[in-house]
Amino acid sequence: MASLKKRLSCNTPGEFFVDRSCIDCSVCREIAPSLFGDGRESACVVKQPESEEEELLAFQALVSCPVSAIGTVSKRPPPQVFERFPILIEDDVYLCGYASKGSYGALSYFIKHAEGNWLVDSPRFSPQLVKRLWDMGGLSYILLTHEDDVGDCDRYAEEFGAKRIIHRYDSRAVPKAEILLQSFEPFPFGRDFLVIPTPGHTKGHVVLLYKEKFLFTGDHLSWSRRRNGLVAYKDYCWYSWNELKSSMEKLLDYPFEWILPGHGYRRKVSRREFEEFVRQLLSS
Ligand code: SF4
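Let us look at the structure shown here. Being a predicted model, the structure only gives us computed values, none of them experimental.

## Brief notes about helix H3 (residues 127-135)
Listing the buried residues of H3 in full gives Leu 129, Val 130, Arg 132 and Leu 133. Viewed along the axis of H3, the buried residues span an arc of 165°, placing them on a single side of the element. Where H3 terminates, the next one or two residues include Gly 137, which has phi positive at roughly 110°.

Structure, rendered in structure tokens:
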């Protein structure tokens, strides 16, 4: 539970606050971007809720924070916000919320699909989210983009009887995965899903291209508000920076509109923006 004694000074005064236990993931700023913004290596409340809708958004961020760093001065229990999860992004793609501390607050996504629903990376296990996912048809597949963001995938797989998919080079994080991707060639699943190996951040990192529109990028590619641009993080590249650059170049072969990362911000990206980013990355 967040502590008033540890409240950060960057917060706008009022009922909601972020405390020093914040790990500067992007969850609250993704869920309620008008209320939570950047502090110095943390999030902060930049605007207090002024309407019932904004208050519900603030509570959605509060229950989704992976380290319980968001609190209220009154310490009142959160209202029933679970029916507002998962949060629609566009078409049949949703943000899960309920981030996992084990995956450092990585964002995870839900795709509602006629041939079986998908989870992309895993939130923390939450009975409230489980109920909502059952209401929306359950889960058939859980794609893990890489070994860091597996969250509570095993518990979700057991609950829904879903198949876990991960590349064999990252499979130590999910030893009971049902589907191990063996090569570095793209793997189609039905007509709408293409898993593309992108070694770099880890050796077994993959991204998921859905309907040639949504690219779930894990820790391969993200959007930074601080830099106002696309980013790949050399400091957090655990396997090979040169491989990561080659993997990024390969993505030029595929059309997409959205990037949906594990950390950072989702965003629509134009082809020209992406091409320019890759050009700069390759020349760096
Ligand atoms: S969700 Fe929690 S840990 Fe993540 S940035 Fe917000 S306050 Fe910090």
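Here the narrative resumes, following the displayed structure.
## A word on the packing of helix H5 (residues 241-250) against helix H6 (residues 271-283)
Contact geometry for H5 and H6: axes closest at 10 Å, N-to-C directions at 150°. By the angle class used here, H5 and H6 are roughly antiparallel. In the packing of H5 onto H6, the handedness of the crossing is left-handed. Every residue of H6 that contacts H5 at Trp 241, Leu 244, Lys 245, Met 248 and Glu 249 is listed here: Phe 274, Phe 277, Val 278, Leu 281 and Leu 282.

## Describing the side chain of His 205
Counting through the fold element by element, His 205 comes out in the loop between strand S13 (193-197) and strand S14 (206-210). The exposure class assigned to His 205 is buried, which follows from its relative accessible area of 0%. Polar contacts involving the side chain of His 205 include one to the main-chain amide nitrogen of Asp 219, which spans 3.0 Å. The contacts of His 205, once residues within four sequence positions are left out, are Thr 145, His 146, Asp 170, Pro 197, Thr 198, Pro 199, Thr 217, Gly 218, Asp 219 and His 220.

What counts, and where the lines are drawn
Residues numbered from 1 in each chain as written. Predicted model: local features only at pLDDT ≥ 70, side-chain atom pairs only at ≥ 80, totals over all residues. Heavy atoms only, no water. Buried < 20%, exposed > 50% of the residue type's maximum accessible area, 1.4 Å probe, protein only. Helix = DSSP H or I, 4+ residues; strand = E, 2+ residues; numbered from the N terminus. Arc of directions from axis to C-beta. Axes fitted to C-alpha atoms, helices over the stretch in contact; angles between N-to-C directions. Parallel < 35°, antiparallel > 145°, perpendicular 65-115°, else oblique. Left-handed = near helix turned anticlockwise from the far one by under 90°. Contact = heavy atoms within 4.5 Å. Polar contact = N/O pair within 3.5 Å; in protein donor to acceptor, adjacent residues only side chain to side chain.

Bear in mind that shape data such as this cannot, by itself, settle questions of function.
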